[in-house]
Amino acid sequence: MSTSFTLDGNDVPFTPGETVLEAARNAGHYIPHLCWHPEFSPHGSCRLCTVKVNGRPGAACTLKAEPGQLVESDTEELNGHRKTLLQMLFVEGNHFCPSCEKSGNCLLQATAYQMHMEGPHFEEFYPDRPVDASHPHILLDFNRCILCGLCVRASAEVDGKSIFAIAGNSLGAHLVVNSESGKLGDTDMALADRAASICPVGVILPKRRGFVIPIGERRYDVATVDQNGQQELP
Ligand code: SF4
Ligand code: FES
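Rules used in this analysis
Residues numbered from 1 in each chain as written. Chains lettered and ligands numbered in written order. Predicted model: local features only at pLDDT ≥ 70, side-chain atom pairs only at ≥ 80, totals over all residues. Heavy atoms only, no water. UniProt positions renumbered as here; feature names shortened; annotations may be inferred. Core = buried A, V, L, I, M, F, W, Y, C linked by side-chain atoms within 4.5 Å. Buried < 20%, exposed > 50% of the residue type's maximum accessible area, 1.4 Å probe, protein only. Helix = DSSP H or I, 4+ residues; strand = E, 2+ residues; numbered from the N terminus. Contact = heavy atoms within 4.5 Å. Near = heavy atom within 4 Å. Nonpolar A, V, L, I, M, F, W, Y, C, P; charged D, E, K, R; others polar. Salt bridge = Lys/Arg side-chain N within 4 Å of Asp/Glu carboxyl O.

- Named according to an unreviewed UniProt entry, the protein chain is Ferredoxin originating from Leptothrix cholodnii.
- Among the UniProt annotations of the protein chain, the heading Sequence similarities (unreviewed entry) holds the following wording: "Belongs to the complex I 75 kDa subunit family."
- The protein chain has a UniProt comment under Cofactor (unreviewed entry) that states "[4Fe-4S] cluster".

Printed below as a string of structure tokens:
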């Protein structure tokens, strides 16, 4: 039995049990993604990895690869949807990249460049969530959260602490810290925790360490997101 499928006309081999995204990535093909990470179970929330399989849309990070599937990803239609999703994420938060210490190292920003996203086109939400600076070594700026859930998974699955959770739903969904006060300073979070370095955008940041990498040498200055996507993330 053949164990390959076709992605935008290319033959992609896979091991049974792999998802379309995993197999594509292992074969060196980039499918845009934000909430997926090689270390963690898929979340399926950002929808950026939406592809068409035999004409039907689905999330490549959760769809199992099957022999003979005809997968479309890099099409004008799907990339147009991805651009719209990115524009929605940008207006939902305060993504003022020029003053963000994650600029140049941010997966959201790099993906927007990759997809040629221009002005957001939607009305800005301008959330006003208080920054949490209660922890001695880690700062949280909730206004940049894209609800990818990676910190939730890293804290629970790797650190064994469950410090983060996503509360509320729909437009009210937001990241919370599991302590009585809701403050990070009242948890046992440590800078060495996996959750402290997993955030793909500028929410969970080490204090006193911003802007250390010179412009031109930042993660997505030296390799675009499609090239970086083939490597293990830090
Ligand atoms: S804080 Fe970062 S890692 Fe956690 S859900 Fe928000 S964007 Fe994702
Ligand atoms: S990467 Fe598949 S839904 Fe986010």
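**Focus: the nonpolar core**
For step 1, the next point in the chain: Judged by nonpolar contacts, the single largest core of 39 residues is most densely connected at L34, L108, F164, L184, M189 and I204.
For step 2, the next point in the chain: Listed by contribution, the elements that provide at least two residues to this core are α2 (76–92), α3 (107–114), β6 (138–140), α4 (150–159) and β8 (174–177).
For step 3, the next point in the chain: Counting residues per element, this core draws most heavily on α3, at 4 residues.
For step 4, the next point in the chain: Setting aside residues no more than four positions away along its own chain, L184 makes contact with D132, S134, H135, I138, L140, I163, F164, V177 and M189.
For step 5, the next point in the chain: With 18 residues, the next largest nonpolar core counts F5, F14, V53 and A65 among its residues.

**Topic: the site of ligand 1**
For step 1, the next point in the chain: Taken together, C145, I146, L147, C148, G149, C151, L175, C199, P200, V201 and V203 make up all the residues around ligand 1.
For step 2, the next point in the chain: The residue inventory of the shell around ligand 1, partitioned by class, reads 10 nonpolar, 1 polar and no charged.

**With respect to the pattern of salt bridges**
For step 1, the next point in the chain: The final tally for this structure, using the stated rule, is 6 salt bridges.
For step 2, the next point in the chain: Taking the shortest distance from any N to any O, the salt bridge between E39 and R194 comes out at 2.9 Å. Of the two residues, E39 sits in the loop between α1 (20–26) and β3 (50–53) while R194 sits in the loop between β8 and β9 (204–206), which places them 155 residues apart along the sequence.
For step 3, the next point in the chain: Put simply, K52 and E77 hold a salt bridge, and the shortest N to O gap is 2.9 Å. Here E77 lies in helix α2 and K52 lies in strand β3, a separation of 25 residues in the sequence.
For step 4, the next point in the chain: Overall, E77 belongs to the partly exposed group, its relative accessible area being 43%.

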